[in-house]
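Spelled out, the chains give:
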Amino acid sequence: MQNINRDGCIRCGTCCLKGGPVLHHEDKGILLAGHVGYQHLVTIRKGEPAYDPVLDTVRPVERELVKMRGKEKEWSCCFFDEKSSSCTIYEHRPLECRLLKCWDTSALEGLVGKNTIVRADIINSRDPITKVIEMHEQECPYQEVEELLSSLSRGTDKSKTLARLNELVRKDLAIRFFAIKELGLREEFELFIFGRPLFKVLSSRGIPVRLA
């Protein structure tokens, strides 16, 4: 939001409606204190397109990011109360939220991509879910998804490409099912542990997939 002639927040909620913040190491305290839990987070895997609040566009991320999740199918931050146009954890809001000023984004721009956390930073290394995350990254690499989507756009052997995408979707779902049913992973933690399901990623890109 450029050329805004003001020097204070008017609580329009625009920044919160465009998506939750990416978390940095400075934000570990609000996690440890319980103000934010795994159920409030989503992992954006390396190479996955995500909204960039500085450039005001969607582009692939250069590294894994952990950010505040949205509300169901919406981008708006899960802690934003639209009725009062306010943050429900304002006193304990993440670093990016504290620095964001739509009339002067210089402080936020200087923070983007620096000292951000990944899943391994906030999961006990002895937790068995870490091994499942490693398996998921090996069996369902997001980089391959983007390569296959690029192949589709070029019109190269579409049937083979779609078959591989469907295979990745089935593997993705199978690993998630195993973690929930066999390891007792709480379903509300799924988006943090594995990121968005591949079938939803593909559906949002207009790619039909078979779940059976």
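Residues numbered from 1 in each chain as written. Predicted model: local features only at pLDDT ≥ 70, side-chain atom pairs only at ≥ 80, totals over all residues. Heavy atoms only, no water.

### Some details on the overall build of the protein chain
At step 1: Of the regular secondary structure elements, the protein chain holds nine helices and six strands.
At step 2: Overall size of the protein chain, expressed as C-alpha extent along the three principal axes, is 55 × 40 × 30 Å.
At step 3: Looking at the protein chain residue by residue over its 212 residues, the buried ones come to 39%.
At step 4: Intrachain contacts of the protein chain at a sequence separation of at least 6 include 67% that bridge at least 24 residues.
At step 5: Of the roughly 12,300 Å² of accessible surface on the protein chain, 52% is carried by carbon and sulfur atoms.
At step 6: Side-chain charges of the protein chain comprise 33 positive and 31 negative groups, with the mean position of each set lying 2 Å from the other. (Helix = DSSP H or I, 4+ residues; strand = E, 2+ residues; numbered from the N terminus. Buried < 20%, exposed > 50% of the residue type's maximum accessible area, 1.4 Å probe, protein only. Contact = heavy atoms within 4.5 Å. Areas by Shrake-Rupley, 256 points an atom, 1.4 Å probe, with all protein chains shown as cover. Lys, Arg positive; Asp, Glu negative; His and termini not counted. Charge placed at Lys NZ, Arg CZ, Asp CG, Glu CD.)

### Looking at the packing of aromatic side chains
At step 1: In total, this model carries two aromatic pairs according to the counting rule given.
At step 2: Each ring, one from Y38 and one from F189, has its centre 5.5 Å from the other, and the planes form 85°; the classification is edge-to-face. On the criterion of sequence distance, the pair formed by Y38 in the loop between α2 (28-32) and β1 (41-44) and F189 in the loop between α7 (158-181) and α8 (190-194) is long-range, its members being 151 residues apart.
At step 3: Given the relative accessible area of 27%, Y38 is considered partly exposed.
At step 4: Note on F189: relative accessible area 14%, which makes it buried.
At step 5: With a centroid separation of 4.6 Å and 15° between ring planes, the pair formed by Y38 and F192 is classed as stacked. Of this pair, Y38 sits in the loop between α2 and β1 while F192 sits in helix α8, and the two are 154 residues apart along the sequence. (Phe/Tyr/Trp six-rings, centres within 6.5 Å; stacked < 30°, edge-to-face > 60°.)

### A closer look at the pattern of salt bridges
At step 1: Inspection of every chain in the model, using the stated rule, returns twelve salt bridges.
At step 2: Of the charged contacts, one joins E190 and R176 as a salt bridge, the two residues approaching to 2.8 Å between their closest N and O atoms. Linking E190 in helix α8 with R176 in helix α7, this pair joins segments that are 14 residues apart in sequence.
At step 3: On the accessibility criterion, E190 (16% relative accessible area) is buried.
At step 4: Two residues, E188 and R186, come together in a salt bridge whose shortest N-O distance is 2.0 Å.
At step 5: Assessed through its relative accessible area of 34%, E188 is described here as partly exposed.
At step 6: One network of salt bridges, in which partners are shared, links E139, E144, R164, E167 and K171. (Salt bridge = Lys/Arg side-chain N within 4 Å of Asp/Glu carboxyl O.)

### Some points on the environment of I10
At step 1: Tracing the chain through its elements places I10 in the segment before α1 (14-17).
At step 2: As a C-alpha pair, I10 and S85 span 75 residues in sequence and 9.8 Å in three-dimensional space.

### Side note on the nonpolar core
At step 1: V36, L41, M68, V145, L165, I193 and F194 are the most contacted members of the largest nonpolar core, which has 38 residues in total.
At step 2: Of all elements in the fold, only α2, β4 (65-68), α5 (129-139), α6 (142-154), α7, α8 and α9 (198-204) reach the threshold of two or more residues within this core.
At step 3: Tallying contributions element by element places α7 first for this core, with six residues.
At step 4: In this structure, V36 is in contact with I30, L31, L41, M68, F79 and I89, ignoring residues within four places of it in sequence.
At step 5: In terms of nonpolar packing, the next biggest core, distinct from the first, is built from five residues, V22, I44, A50 and V61 among them. (Core = buried A, V, L, I, M, F, W, Y, C linked by side-chain atoms within 4.5 Å.)

### Looking at α5
At step 1: What α5 keeps buried is the set I129, T130, V132, I133 and H136. One side of α5 holds all its buried residues, which, seen down the axis, span an arc of 160°. Exposed side of α5, more than 90 degrees from the buried face: K131 and Q138 are the residues found there.
At step 2: If you follow the buried residues of α5, they end up packed against α7 and α8. (Arc of directions from axis to C-beta.)

### Notes on the packing of α5 against α7
At step 1: Following both chains from N to C, one finds α5 and α7 inclined at 175°, their axes separated by 10 Å at the closest point. As judged from the angle between their axes, α5 and α7 are roughly antiparallel. Of the residues in α7, those touching α5 at I129, V132, M135, H136 and E139 are L168, K171, D172, I175, R176, F178 and A179. (Axes fitted to C-alpha atoms, helices over the stretch in contact; angles between N-to-C directions. Parallel < 35°, antiparallel > 145°, perpendicular 65-115°, else oblique.)

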